[in-house]
Amino acid sequence: MAARKPGLIALFDVDGTLTAPRQAVTPKMLEFMRELRKVITVGVVGGSDLSKISEQLGNTVMNDYDYVFSENGLMAHKDGKHIDVQSLKSFLGEEKLTEIINFTLHYIADLDIPIKRGTFIEFRNGMLNVSPIGRNCSQEERVEFERYDKVHNIRPKMVSVLREKFAHFNLTFSIGGQISFDVFPQGWDKTYCLRYLDDFPEVHFFGDKTYKGETTMRYTSLSELWVIQSLVLMIQWSNARPSSLLNLELCVM
């Protein structure tokens, strides 16, 4: 087996990229990632906490990838070992954190949408995850809310209000997935994980979408099929021409 390409890492989003939103990874994708890891360094970076990422990618996720960045990289693991964690509570303090939570819950209480369930705010180490419908909704309800949100802009409107209300807190409000958005300090987005990757001059990030205001790494929007087909070419080209991985540009509209 050829040695892995030095200085190059492929980072993958979870929801909508390696898996369907909040669903388990397919055997086909798992097998492909194992093959990819033989030739380049591979990591995952997701907005969810580690327990949710493990539910989707499997209990062996820490051994299946070289880097696992949960909560946008605010919880960082390398080679199965925990290397760092950041705390939103320590950054903001209890008074500011409570102010944000109280205002958000009042906003959701007054929100007129067809369905509401439970767990409207999920507190994580480095962020708040806010869901107008509630994270306890079923998969069918997730899909319906996403459709409703695209028409009525529930999340964009809510983010706009919160961004203006708490402008002095220097927070980022990042819409992602089907039903929620994340709240975290500026600079704590998925680019946060780059501080742990100084050994990699080439970082390629694969995900399913971005929203206005997000800052990402070199970004390619790909379906699962495109991920597999495109990276198979990367492996084949790398084996044939070691320098080709650094020159390959993927552009999928």
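In what follows, the structure referred to is the one given above.
Okay, so let's go over this structure. Everything numeric in this text was worked out from a predicted model, so none of it was measured.

Remarks on the overall build of the chain
The number of helices and strands found in the chain is 9 helices and 11 strands. By the burial criterion, 49% of the 253 residues in the chain qualify as buried. The contacts of the chain with a sequence gap of at least 6 include a subset with a gap of at least 24, amounting to 63%. Element-wise, carbon and sulfur atoms account for 51% of the exposed surface of the chain, whose accessible area totals about 12300 Å².

Remarks on unusual backbone geometry
For asparagine 72, which is not glycine, the phi dihedral falls at a positive 65°. Within the element layout of this structure, asparagine 72 appears in the loop between strand S3 (67–70) and strand S4 (75–78). Overall, the relative accessible area of 4% leaves asparagine 72 in the buried class. Positive phi, normally seen in glycine, also occurs at asparagine 170, with a value near 55°.

Structural notes on helix H5 (residues 94–109)
Its 16 residues place the ends of H5 22 Å apart at the C-alpha level, agreeing with the 22 Å of an ideal helix rising 1.5 Å per residue. Taken together, the buried residues of H5 touch helix H4 (88–92), strand S6 (121–123), strand S7 (128–130), helix H7 (154–165) and strand S8 (171–176).

A word on the sheet that holds strand S9 (residues 180–185)
What the 4 strands build is an open sheet, ordered S6-S7-S9-S8; its pairing is antiparallel. Each having just a single partner strand, S6 and S8 make up the two edges of the open sheet. On average, adjacent strands in this sheet sit at an angle of 20° to one another, irrespective of strand direction. Bridge analysis of S7 against S9 gives 3 bridges, and the strand direction is antiparallel. Bridge pairing in S9 places leucine 128 opposite valine 183.

Thoughts on the pairing of strand S5 (residues 81–85)
Direction of pairing for S4 relative to S5: antiparallel, over a ladder of 4 bridges. Each bridged residue has a counterpart across the sheet, and for alanine 76 the counterpart in S5 is aspartate 84. Hairpin connection, S4 to S5: the antiparallel pair is bridged by 2 residues, and aspartate 79 has positive phi, about 50°.

Quick look at the pattern of salt bridges
A complete count under the given rule lists 13 salt bridges for this structure. In this structure, glutamate 35 engages lysine 38 in a salt bridge whose closest nitrogen and oxygen atoms are separated by 3.0 Å. Overall, the relative accessible area of 34% leaves glutamate 35 in the partly exposed class. In this structure, aspartate 66 engages arginine 37 in a salt bridge whose closest nitrogen and oxygen atoms are separated by 3.1 Å. Within this pair, whereas aspartate 66 is found in the loop between helix H3 (61–64) and S3, its partner arginine 37 is found in helix H1 (residues 27–37), the two being separated by 29 residues in sequence. A residue is classified by how much of its surface remains accessible, and arginine 37, at 23% relative accessible area, is partly exposed. The network of salt bridges with common partners includes Asp49, Lys52, Glu122, Arg124, Arg135 and Asp182.

Conventions we followed
Residues numbered from 1 in each chain as written. Predicted model: local features only at pLDDT ≥ 70, side-chain atom pairs only at ≥ 80, totals over all residues. Heavy atoms only, no water. Helix = DSSP H or I, 4+ residues; strand = E, 2+ residues; numbered from the N terminus. Buried < 20%, exposed > 50% of the residue type's maximum accessible area, 1.4 Å probe, protein only. Contact = heavy atoms within 4.5 Å. Areas by Shrake-Rupley, 256 points an atom, 1.4 Å probe, with all protein chains shown as cover. Expected span 1.5 Å × (residues − 1). Pairing = 2+ DSSP bridges. Axes fitted to C-alpha atoms, helices over the stretch in contact; angles between N-to-C directions. Salt bridge = Lys/Arg side-chain N within 4 Å of Asp/Glu carboxyl O.

Read these as spatial facts, not as claims about activity.
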